Amino acid sequence: MFAKSLGDGAELRPLEPWQAEEFLAHMNRGRDYIGRYVGLPDAAADLDSARGWLQSYADKTATDTGRLYGIWLDGLLVGGVLFRVFDARDGNCEAGCWLEPAAAGRGLVTRAARVIIDWAIEERGMHRVEWLVSSENTPSINVAKRLGMSRDGVQRQSTPYRGVRQDTEIWSVLAPEWRAAPAPGPLV
């Protein structure tokens, strides 16, 4: 198994079905905070559903159609980043994230997303990386900006979430833009 240091006691590593209990405990700590904009806490409501959700990403990894990574801070799972969609043939993917409140404001998601986007572009040859986000989710929009993404547009009232239709912003970065951006400082 690999682990990539994100600095400040944080690391990025695969999040797999055998970690379902740890994942569920993490969801329970951040359920309300994470669930403000994304349905992940609803998809991981108990141990069986948490294991099933993790298995769905293990299956995506096996078929090269998605990836899932956890963010651990001082040994505690506090969030994650993923490729919800990964289309190697067409060179397009969609990255996303979540984080529990105790770990917010430390730059962990930005650093983790930078690692997986760099891998997707440089190692896998992706041309376009998308970031879809509720227009109300300012922290996630700020991550997209810090990653050098451009706002492509808004799908108005496109996504029903907990009984309310929300606007979804589409942000993206293209491989030439990613490569031309100044490199961030080194990770410890």
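Look up: the structure comes first, before these words.
Note that this is a predicted model, so its numbers are computed, not measured. In this convention, every chain numbers its residues from 1, walking through the sequence in written order. Given that this is a predicted model, residues contribute local features only at a pLDDT of at least 70 and side-chain atom pairs are listed and counted only at 80 or more, while totals for whole chains, interfaces and linings are drawn from all residues. Hydrogens and water molecules were not included; the side-chain quantities draw on all heavy atoms of the structure.

Trainee: Sorry if this is basic, but what is going on with the overall build of the protein chain here?
Mentor: Numbering goes from the N terminus for both helices and strands, where a helix is a DSSP run of H or I of at least four residues and a strand is a run of E of at least two. A count of helices and strands for the protein chain gives 6 helices and 8 strands. Along the protein chain, from the amino end to the carboxyl end, the secondary structure elements read β-β-α-α-α-β-β-β-α-β-α-β-β-α. A radius of gyration in this sense is built from C-alpha atoms; the matching globule rule multiplies 2.2 Å by the number of residues raised to 0.38. Its C-alpha atoms give the protein chain a radius of gyration of 16 Å, within 12% of the compact-globule value 16 Å for 188 residues. Considering only C-alpha atoms, the protein chain reaches an extent of 40 × 40 × 35 Å along its principal axes. Within the span of the protein chain, comprising 188 residues, buried residues form 43% of the whole. At a minimum sequence separation of 6, the contacts of the protein chain that also span at least 24 residues come to 60%. To sort residues, take the accessible area from a 1.4 Å probe on protein chains only and compare it with the maximum for the residue type: under 20% means buried, over 50% means exposed, and anything in between is partly exposed. Contacts are assigned to residue pairs that have any heavy atoms within 4.5 Å of one another.

Trainee: Hey, could you run me through the environment of E100 in this one?
Mentor: When you line up the elements, E100 lands in the loop between β5 (92-99) and α4 (108-123). In this structure the C-alpha to C-alpha distance between E100 and D32, which are 68 residues apart in sequence, comes to 9.1 Å. Contacts of E100, omitting those with residues within four sequence positions, involve H26, R29, G30, Y33, I34, L77 and V78. Polar side-chain contacts of E100 include one of 3.1 Å to the side chain of R29. For the purposes of these results, a polar contact is taken to be a pair of N or O atoms within 3.5 Å, where, inside protein, one atom must be able to donate a hydrogen and its partner to accept one; residues adjacent in sequence count only when each atom of the pair is a side-chain atom.

Trainee: Before we go on, may I ask you to explain the packing of aromatic side chains in this structure?
Mentor: Aromatic rings in a pair are described by how distant their centres are and how their planes are angled relative to each other. Put simply, two rings from Phe, Tyr or Trp (the six-membered ring, in Trp's case) pair if the centres are within 6.5 Å, and we call them stacked under 30 degrees between planes, edge-to-face over 60, tilted for the rest. Using the criterion set out here, one finds 8 aromatic pairs in the structure. Pairing F23 with W98 gives two aromatic rings, centres 6.3 Å apart and planes at 80°, and the pair type is edge-to-face. In this pair, F23 is assigned in helix α1 (residues 20-34) and W98 in strand β5, connecting sequence segments 75 residues apart. Residue W98 is classed as buried on the basis of its relative accessible area, which comes to 4%. Ring centres of W53 and W98 lie 6.0 Å apart, and the angle between their planes is 85°; this geometry places the pair in the edge-to-face category. With W53 in helix α3 (residues 47-62) and W98 in strand β5, this pair connects stretches of sequence that are 45 residues apart.

Trainee: Even after reading the chapter, I still don't get the sheet that holds β5, so can you show me in this structure?
Mentor: Strand pairing in a sheet relies on backbone hydrogen bonds. The paired strands run either parallel or antiparallel. Read from one edge to the other, the open sheet built from 8 strands follows the order β1-β2-β3-β4-β5-β6-β8-β7, with strand pairing classed as mixed. Of all strands in the sheet, those with a lone pairing partner are β1 (4-7) and β7 (150-161), marking the two edges. Here the strands of the sheet are splayed against their neighbours by 25° on average, with no regard to which way each runs. Two strands pair if DSSP finds at least two bridges between them. Of the pairings in the sheet, the one linking strand β6 (residues 128-134) to strand β8 (residues 164-174) comprises 7 bridges and is antiparallel in character. Here an axis means a line fitted to C-alpha atoms, over the contact stretch when the element is a helix, while the angle between two N-to-C directions is reported on a 0 to 180 degree scale.

Trainee: Is there a simple way to think about α4 in this case?
Mentor: In an α-helix, one full turn covers 3.6 residues, which means residues spaced three or four apart are oriented alike. By this rule the span expected of a helix is its residue count minus one, scaled by 1.5 Å. Look at α4: 22 Å from first C-alpha to last across 16 residues, which is about the 22 Å you get at 1.5 Å a residue. Within the sequence span of α4, burial applies to L108, V109, T110, R111, A112, A113, I116, I117, A120 and I121. Among the residues trailing α4, G125 stands out with phi positive, at a value near 75°.

Trainee: For this particular structure, what's the right way to read the nonpolar core?
Mentor: If you look at soluble globular proteins, the nonpolar side chains tend to sit buried side by side. Counting 35 residues, the largest nonpolar core has I71, I117, W131 and M149 as the members making the most contacts within it. Among the elements that make up this core, the one with the highest residue count is α4 (8 residues). The residues contacting M149, other than those within four sequence positions of it, are I117, V129, W131, A144, W171, S172 and V173. We call a set of buried residues a nonpolar core when its members are Ala, Val, Leu, Ile, Met, Phe, Trp, Tyr or Cys and they connect through side-chain atoms within 4.5 Å of each other.

Trainee: Sorry if this is basic, but what is going on with the packing of α1 against α3 here?
Mentor: Two quantities define a packed helix pair, namely the angle between the helix axes and the distance between the axes. The contact between α1 and α3 brings their axes to 9 Å, and the two run at 110°. Considering their axes alone, α1 and α3 lie roughly perpendicular with respect to each other. Seen from above, α1 lies across α3 with right-handed handedness. The residues of α3 that touch α1, namely those facing A20, E21, F23 and L24, are L47, A50, R51, W53 and L54. Split into classes, the residues belonging to the contact of α1 with α3 amount to 7 nonpolar, no polar and 2 charged. When describing relative orientation, an angle under 35 degrees is termed roughly parallel and one over 145 degrees roughly antiparallel, while 65 to 115 degrees is termed roughly perpendicular and anything else oblique. Here a crossing is called left-handed whenever its near helix is offset anticlockwise from the far helix by less than a right angle, and right-handed whenever the offset is clockwise. Asp, Glu, Lys and Arg are counted as charged, while Ala, Val, Leu, Ile, Met, Phe, Trp, Tyr, Cys and Pro are counted as nonpolar; the rest, among them Gly, fall into the polar class.

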